Amino acid sequence: MRYNSLPWDRPGRYILVKDRETGFYHSLSWAPTLDRPYQRYECAHGQGYTRITTECQGLKGVLTYFVPRTATAEVWRVALTNTSAAPRTLEIYAFVELLMGNALNDLINQPNDKHFPEVAFDDEHLCLVASRRYWVLNRGVTVKQPNVDWPYRLYFTNSLPLTGFDGSLDAFIGRWRSEANPIAVTTGRMGGTEITAGDPIAALQSMVTLEPQATQEFVVVMALAPKTAGVPEFLQDRGHLVPWSDRQLQELTAYWDRYLRALVVTTPDRDVNRSLSIWNPYQAAVTFEMARNSGYYHGGLLFGTGLRDRFQDILGVLIAAPERVRPRLRDALRYQFADGSTLHNFFRLTGSGEKTNHSDTPLWIPFGVMAYLKETADLDFLQETVPFYDGGESTVGDRLRRALDYSLGQLGPNGLPRIHKGDWNDTLDYIGPEGHGETVWGACFLAYILRETFPLWAWLQEEATLQRYQTAYTQLQQAVNERCWDGEWYLRAFRDDGSAVGSHRDRQGQLFLNAQSWAILAGIAPPARAQQAIAACRERLLTPYGMQIVAPAYREVEPNTGLISRCVPGKKENGAVFNHASSWFVLAALTAGETELAWEVYRRMLPANSAQDRDRYEVEPYVFAEYVTSPEHPTQGQASHSWLTGTAVWMLRIGVDGFLGLQPELDGLRLAPRLPAAWPEVAVQRRFRGKTLQVQIRGSGPVSAFTVNGERVAGNLLRVTDFVDEVLTVTVGP
Ligand code: GLC
């Protein structure tokens, strides 16, 4: 599979069906035979599968693609129906181009890379078997050639009887042709090619005869197994492949049904319900699994897994599967150094990565660990030992302190963290190359994280630590309020030479959203300033899709600010509606008591709303994208970088913890709903510490008492351990 093969959107996983009598053929997924007279095309995405239905020339195809939970395989399940009045004799072609090993290497060194694949037909198991004799594990370009085998075999078969195969792309497609008109399909003759070098594919031919209204069910399977393991068991019994695949699909959908039952939200708004109960948790689960490793935007190939992303992505699965988070945190902690600093990103296969010196990265450790502790109260975790990246080991609890102390050791001339290579905003990367530049957002973020840990030190009775961090918090608060207030909003940063970034005095890049949101989230902004900053954001940054990350966008390059100014105005960090940052503003507005504004922004950001003009929006309208182009660019409303964005977990948690007000704390669940006026009443089912909570919330405002299974409880803290029942019915409000 090649990345970025736009606008072709090729190659793909194709099933071509050809009528033997007329020679007419078409694809069951539309592409690549786009010009055929299709009467119907429908593509439905569900949790874990995609189903494409087509009707063309008297044939109806229902093609379901999925990856089973428990088998390392990709399944293409097909039901093909003859809707015409005459019997049909059909040739079926299943085709996929193979990339085994290293996608980056394939892109930059394909002529050399093609000396190592091999594809052969296995007569005994009736499948194509493909592999490689050489695996480039390292990224980038180097003359060093690793001496490593790709340790897998790929198996490709169709449950139908096979009448031909090809392993060579050249042979199957033929000269001057493409996937839309392969020579093998046009002539009906497969080459029977097996290759030991060249461009590997797996293509299989089968024959089917269908009476009118008859349906043929079949399944194409592409499986992967270690070379040491041999042919996977499920491929050894071809007669049962169809029922096997049906069972796999059932298990897959049952898995997601179970997973999604952990959180069921019922508000008067259908889009919110669908988002918070289905698509948002699903997207969050995908970001947890994939990090930024796939998709054609975020180069997992280039950058691997980002540590800051890693510690945020856990927020999504904490509600449904907290047990999956602990090992994930342990693993990520391995990339911390003994001095508290961290790699910025890592590659899972090699364990290598880069130390880029982004100022915020170490702080996401306490952020993630605190989120886990608040969900689970699993304080034993703090005693576990984890190795440092540079040798030695220490406990998880100690890791939190090291990350905080490292960051506190990086304060610059104004008492704010030095920005070094950037902060959360990767494109503010040339503000402090000499090591003096400072980040205002970073100061707020550090203060926020410090404050997040206060309850932990109090709980552990570590008085000295608590006091030290409280003092540091107060100093940051003073520094930000004394040196970083621009008159109507907070500045964003200071350069090496001490000049400010994000001031009304600048011609561009005047108002940065994140500095305002986090001054509020950290409790740094006094109420009057919070209101002023929010008003400035509302006036200058609110768009139909959410909040713009900065305005006015940079039109001239500022080498001493960074890549942000090289991006076109209105896109990416240069003034797009950067959803991740926009979500933080929603939380800040909620925190400042601006519930209606928060709701308005949240509502606009929901894919159902921001993607209303689908053709403009361009990407999947059911998940959050990293950004939506703002009115500062002619393509406003166009979105990019869908799926793999921190927006997913934040929108989920802002929905549940923010608006619905179910906030995990070390000693229980704090009930602090902030419902917009449009929601007089809501119901939530949420799993928490092994129990199922069924919460009814009526009205908004501070909670002074609530009921649990009919019993009145004073205050607003639900201590689940006080109750023996598995299911707790909680009522909040009159
Ligand atoms: C991308 C990166 C993320 C970064 C953000 C803002 O989404 O994955 O780590 O914080 O851009 O620059």
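Our structure's up above, just so we're on the same page.
Residues numbered from 1 in each chain as written. Predicted model: local features only at pLDDT ≥ 70, side-chain atom pairs only at ≥ 80, totals over all residues. Heavy atoms only, no water.

Caption draft 1: Region of interest: the site of the ligand. Within the structure, the ligand sits among ten residues, and R308, D309, W424, E573 and E626 are positioned closest to it. Contact between the ligand and W424: an oxygen atom at 2.7 Å from a main-chain N or O atom of the residue. Take E626: an N or O atom from its side chain is 2.8 Å from an oxygen atom of the ligand. Here the ligand has 300 Å² of accessible area as a free molecule, and 92% of this is covered by the chains. Residues of the shell around the ligand, tallied by class, amount to two nonpolar, two polar and six charged. (Near = heavy atom within 4 Å. Polar contact = N/O pair within 3.5 Å; in protein donor to acceptor, adjacent residues only side chain to side chain. Areas by Shrake-Rupley, 256 points an atom, 1.4 Å probe, with all protein chains shown as cover. Nonpolar A, V, L, I, M, F, W, Y, C, P; charged D, E, K, R; others polar.)

Caption draft 2: Spatial organisation of the layout of surface pockets. Taken as a whole, the second largest pocket spans an internal volume of roughly 920 Å³. In terms of lining, the second largest pocket is formed by 30 residues, of which the most central are K374, Y448, E452, Q663 and P664. Broken down by secondary-structure element, the contributors of at least two residues to the lining of the second largest pocket are α9 (364–376), α11 (440–459), α13 (513–521), α15 (579–591), α19 (647–659) and β30 (662–665). Tallied by class, residues from the lining of the second largest pocket come to 16 nonpolar, four polar and ten charged. When residues of the lining of the second largest pocket are assigned to domains, at least three fall in each of domain 2 (261–659) and domain 3 (662–732). (1 Å grid on protein atoms, 1.4 Å probe; cavity = no way out; pocket = protein on both sides within 12 Å on 5 of 7 lines; lining within 4 Å. Points joined across faces, edges and corners; volume = space filled by probe spheres on them. Helix = DSSP H or I, 4+ residues; strand = E, 2+ residues; numbered from the N terminus. Domains from an automatic or database assignment.)

Caption draft 3: Spotlight on empty space enclosed by the protein. Under the defined criterion, the tally for this structure stands at four cavities of 30 Å³ or more. Its volume calculated, the largest cavity comes out at about 180 Å³. Every residue lining the largest cavity is counted, 24 residues in all, and those nearest its centre are H358, S359, D360, P362 and Y406. Put simply, the parts of the chain that give the lining of the largest cavity at least two residues each are α10 (396–408) and α11. Per element, the largest residue contribution to the lining of the largest cavity is four residues, and it comes from α11. A class-by-class count of the residues in the lining of the largest cavity yields eight nonpolar, twelve polar and four charged.

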